[in-house]
Amino acid sequence: MAQLAFRNVTLGYDRHPAVHHLNGEVASGALVAVIGPNGAGKSTLLRGIVGILKPLDGSIHLGGLDSRDIAYLPQSAEIDRSFPISVFDFVGTGLWRDAGLFGGIGKVARVKILRAIASVGLNGFENRSIGTLSGGQMQRVLFARVLLQNARVIVLDEPFNAIDSKTTADLLALVKQWHGEGRTVLAALHDMEMVRTHFTETLILARGPVAWGPTAEVLTPENLMVAMRMCEAFDDSAAACAADDAHSQAA
Amino acid sequence: MIYDALIGPFTEFEFMRRALAAVIALSLAGAPIGVFLMLRRMSLVGDAMAHAILPGAAVGFLLSGLNLFAMTAGGLIAGFAVAILAGVVARSTGLKEDASLATFYLASLALGVTIVSIKGTNIDLLHVLFGNILAMDDQTLLVVAFNATVTLLVLAVIYRPLVIESVDPLFLRTVSRAGGPAHLAFLALVVVNLVNGFQALGTLLAVGLMILPAGVARFWSRDLTAMICIAVIAAAVSGYAGLVLSFQTRVPSGPAIILVATVLYVVSVLFGGVGGLVRQMFPGRHLEA
């Protein structure tokens, strides 16, 4: 059964497509790596899935889920780490669905938060300000928040960037645990060896889909070469997309 | 002697008691807003908004003279209009909010001074620009207290989304649609408190009692709750000491309050436990772990 379905999805900024005409489905419980060079549209696609970015064209179906029920791990550069918030409080934001605007953080919730922090190996860091953490520790904090969200679909934007091999191994084990629990996981990644070894399905993006399917079939030198040749720059004088016209006429 | 200097003015004169009550109300509401302005890197946005309320207050002045209710209502309308327009322009066009506000506030300031100069004298203009907390009557004090109460209640409602939006806006957008409304409500609170401060400190200094105490708090704590408490105390101390200074030396009250806050800020920059200069120069022996 499809958990996510993309119907001629185009996502982008200021009318310029960053991901062009994506069609396909992600099965419930799938473990999908989204790969491609910088600027290929990986983060844009993930933002479209979690509802931060509305498609310029086409649609994304979430298999009956609300986009707010999807756990999203943003790139840590998007987080203002100078803000005075403790690890406990930051991880606790993962309980938003239960607590909302006014809900209290009671004893049960506190135990959940502490367990999530312990699960990522950060015992004793509860009262530390997030601004005092290393890059790897911050990444563990973000994973703890995703744990707490307890979501059916988990979307990870470059979760293993700039962290050491021990932290990567620990966090990768969590990803595999989520997959084992039947959750749907999509992760934007750069490490081809990790993708080949641990991810069953791969989508190669280069501002549009290059290939999508079982990792062993998709991750070929030819496909990667096509992706590498992608043009990063937006063309300000580009004409309106003819494929969109054809699609709307067909519809 | 000390009693006469520090407490006497407030036991002896009703206008001093009213002024003290007003600065405490301003501190309780304005300082937390200032902390969020600082943490959201919007300190100068607060300054810009202070100028933006001027044309509304000036229209109130044009219609009713130095009537504080008319000027307050005008200031609120102008401030909300500029805050909402700047917020909408920034969110719908991608223009940074500070750039958007700069455009609106410059136009507002020019318009406001023009309107005041049509009817008023230079003294009126000084009153609008720098306020006069010692001339506050009971009704105005009630307005200030009411605005402060509303501010604290609304801040309690939007506190959670405001914190999350400040630290991780993308995450908030994935779990809730509260970010946009919380931001707009926050801008509205900025306006309410600027208008509140405008009665006491004038349009040019109103933002001072919000931003300077927040800056003080930044040098003493890494915890948000503690920062808010420190900012409120710093603002109240500035207000009290500024009033005493003004009473004893005949320095205008608004500038006296802001000057005391500036002294607290300088002391914090020098001796603050979190990033203070002296602490950086003499950090002490390093710890074992």
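A short tour of the structure in this document, coming up.

Cut-offs applied
- Residues numbered from 1 in each chain as written.
- Chains lettered and ligands numbered in written order.
- Predicted model: local features only at pLDDT ≥ 70, side-chain atom pairs only at ≥ 80, totals over all residues.
- Heavy atoms only, no water.
- Helix = DSSP H or I, 4+ residues; strand = E, 2+ residues; numbered from the N terminus.
- Rg over C-alpha atoms; globule rule 2.2 N^0.38 Å.
- Buried < 20%, exposed > 50% of the residue type's maximum accessible area, 1.4 Å probe, protein only.
- Contact = heavy atoms within 4.5 Å.
- Areas by Shrake-Rupley, 256 points an atom, 1.4 Å probe, with all protein chains shown as cover.
- Buried area = accessible area lost by both parts, 1.4 Å probe.
- Salt bridge = Lys/Arg side-chain N within 4 Å of Asp/Glu carboxyl O.
- 1 Å grid on protein atoms, 1.4 Å probe; cavity = no way out; pocket = protein on both sides within 12 Å on 5 of 7 lines; lining within 4 Å.
- Points joined across faces, edges and corners; volume = space filled by probe spheres on them.

### Side note on the overall build of chain A
- Tallying secondary structure elements over chain A gives 10 helices and nine strands in all.
- Computed over C-alpha atoms, the radius of gyration of chain A comes to 19 Å, within 12% of the 18 Å expected from 2.2 N^0.38 for 251 residues, which places it in the range of a compact globule.
- For chain A, with 251 residues in total, the buried portion stands at 52%.
- Within chain A, residue pairs in contact and separated by at least 24 positions form 70% of the contacts whose partners lie at least 6 positions apart.
- Split by element, the accessible area of chain A, about 11,300 Å² in all, is 51% carbon and sulfur.

### Focus on the interface of chain B and chain A
- Counting from both sides, the interface comprises 25 residues of chain B and, opposite them, 26 residues of chain A.
- For the pairing of chain B and chain A, the buried interface totals around 2,400 Å² over both sides, and the portion due to carbon and sulfur atoms is 64%.
- The tally of links from chain B across to chain A stands at two salt bridges.
- One salt bridge connects R41 of chain B with D80 of chain A, and the closest N-O pair in it is separated by 2.8 Å.

### A few points about the pattern of salt bridges
All names here are of chain A.
- For the structure shown, the criterion picks out 10 salt bridges over all chains.
- Between R7 and E25 there is a salt bridge whose closest N-O contact spans 3.3 Å. With a gap of 18 residues between them, R7 in strand 1 (residues 2-13) and E25 in strand 2 (residues 16-27) connect regions that are remote in the sequence.
- Assessed through its relative accessible area of 38%, R7 is described here as partly exposed.
- Among the residues examined, E25 registers a relative accessible area of 44% and is labelled partly exposed.
- Three or more residues joined by partner-sharing salt bridges are found here, namely R140, K166 and D170.

### As for empty space enclosed by the protein
All names here are of chain B.
- Applying the stated criterion to the full structure yields one cavity of 30 Å³ or more.
- Its boundaries defined by the atoms lining it, the largest cavity holds a volume of some 40 Å³.
- If you list the elements that add at least two residues to the lining of the largest cavity, you get helix 3 (14-39), helix 11 (179-205) and helix 12 (208-218).

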